[in-house]
Amino acid sequence: MTAAERREQLIEIARALFAERGVDGTTVEEIASRASVSKPVVYEHFGGKEGLYAVVVDREVQHLLGGMRAALTSGGPRELLERAAYALLTYIETSSDGFRILVRDAPVGTPTGSYVSIISDIASRVEDILVGEFKQRGFEAKLAPMYAQMLVGMVSTTGQWWLNARKPSKDVVAAHVVNLAWNGLSHLEGTPALLSRERAD
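No experiment lies behind these values; they were computed from the predicted model shown.

Turning our attention to the overall build of the protein chain. The secondary structure content of the protein chain amounts to 10 helices and 0 strands. Counting the 201 residues in the protein chain, one finds 39% classified as buried. Long-range contacts, defined as pairs at least 24 residues apart, comprise 61% of the intrachain contacts of the protein chain with a sequence gap of at least 6. Split by element, the accessible area of the protein chain, about 10,800 Å² in all, is 54% carbon and sulfur. For the protein chain, the distance from the average site of its 22 positive side-chain charges to the average site of its 25 negative ones is 2 Å.

Okay, the UniProt feature "domain: HTH tetR-type" (unreviewed entry) in the protein chain next. Taking the UniProt record as the reference, the feature "domain: HTH tetR-type" (unreviewed entry) is found at residues 4–64. Taken end to end, residues 4–64 is 82% helix and 0% strand, and its two terminal C-alpha atoms sit 24 Å from one another.

So, about the environment of Ile-31. With respect to the element layout, Ile-31 can be found in helix α2 (residues 28–35). For the pair Ile-31 and Tyr-53, spaced 22 residues apart in sequence, the C-alpha separation works out to 11 Å. Excluding residues within four positions of it along the chain, Ile-31 makes contact with Leu-10, Ile-13, Ala-14, Leu-17, Phe-18, Thr-26, Val-42 and Leu-52.

What follows deals with the packing of aromatic side chains. Applying the stated rule across the entire model yields 4 aromatic pairs. Arranged with centres 5.8 Å apart and planes meeting at 75°, the rings of Phe-134 and Phe-139 form a pair that is edge-to-face. Exposure class is identical for Phe-134 and Phe-139. Each is buried. Taking the centre distance of 5.2 Å and the plane angle of 70° together, the rings of Phe-134 and Tyr-147 count as edge-to-face. Highlighted residues: Phe-134 in helix α7 (residues 114–137) and Tyr-147 in helix α8 (residues 144–165), separated in sequence by 13 residues.

The rules behind each value
- Residues numbered from 1 in each chain as written.
- Predicted model: local features only at pLDDT ≥ 70, side-chain atom pairs only at ≥ 80, totals over all residues.
- Heavy atoms only, no water.
- Helix = DSSP H or I, 4+ residues; strand = E, 2+ residues; numbered from the N terminus.
- Buried < 20%, exposed > 50% of the residue type's maximum accessible area, 1.4 Å probe, protein only.
- Contact = heavy atoms within 4.5 Å.
- Areas by Shrake-Rupley, 256 points an atom, 1.4 Å probe, with all protein chains shown as cover.
- Lys, Arg positive; Asp, Glu negative; His and termini not counted.
- Charge placed at Lys NZ, Arg CZ, Asp CG, Glu CD.
- UniProt positions renumbered as here; feature names shortened; annotations may be inferred.
- Phe/Tyr/Trp six-rings, centres within 6.5 Å; stacked < 30°, edge-to-face > 60°.

What follows is the structure, encoded as structure tokens:
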């Protein structure tokens with residue numbers, strides 16, 4: 001095996017282990033054993049487990065972000081929403097181990113991590129789309145960032161559920177996510193209020 005081939009082998013083995021057990025549950029010994037090499041070979045290529053983990057995460061970030069950015073390049077607002085939902089579900093379907101690694105790195109509700117950074121990047125792009133839509137409909141454009149977080153969060157959380165459920169199909173899940181998001185957006189109230197709070201007052 002060439003050095004480049006060995007490096008790729010170690011990355012693939014580590015990726016599977018990180019997805020299954022997380023970075024803390026994976027050892028250099030186990031990675032080396034599965035690759036039929038000694039521990040120093042892993043250290044020689046990556047400097048240790050953390051270096052190898054950083055390479056794996058970086059590749060997954062680039063893969064997911066590339067797909068999401070490509071999905072959000074052109075089209076009307078509804079089409080862009082459909083493309084974004086479909087792109088995330090496609091990544092989950094084709095790179096389940098990668099998605100598990102990214103989600104484990106930053107579970108829902110944590111303020112940092114690779115997955116949170118990706119979601120933040122996507123939300124920024126969605127925000128730009130919503131600003132135009134809000135202005136056109138007479139809503140306050142300053143609320144677009146909040147709505148962008150809601151939309152992206154809905155798609156992201158649904159994706160995490162679908163990672164293990166896998167039913168219904170990707171197309172059906174994407175269609176339902178868009179149905180809820182788009183029809184919700186189409187019937188937005190200009191000044192929403194909580195009915196329960198109004199009754200309490």
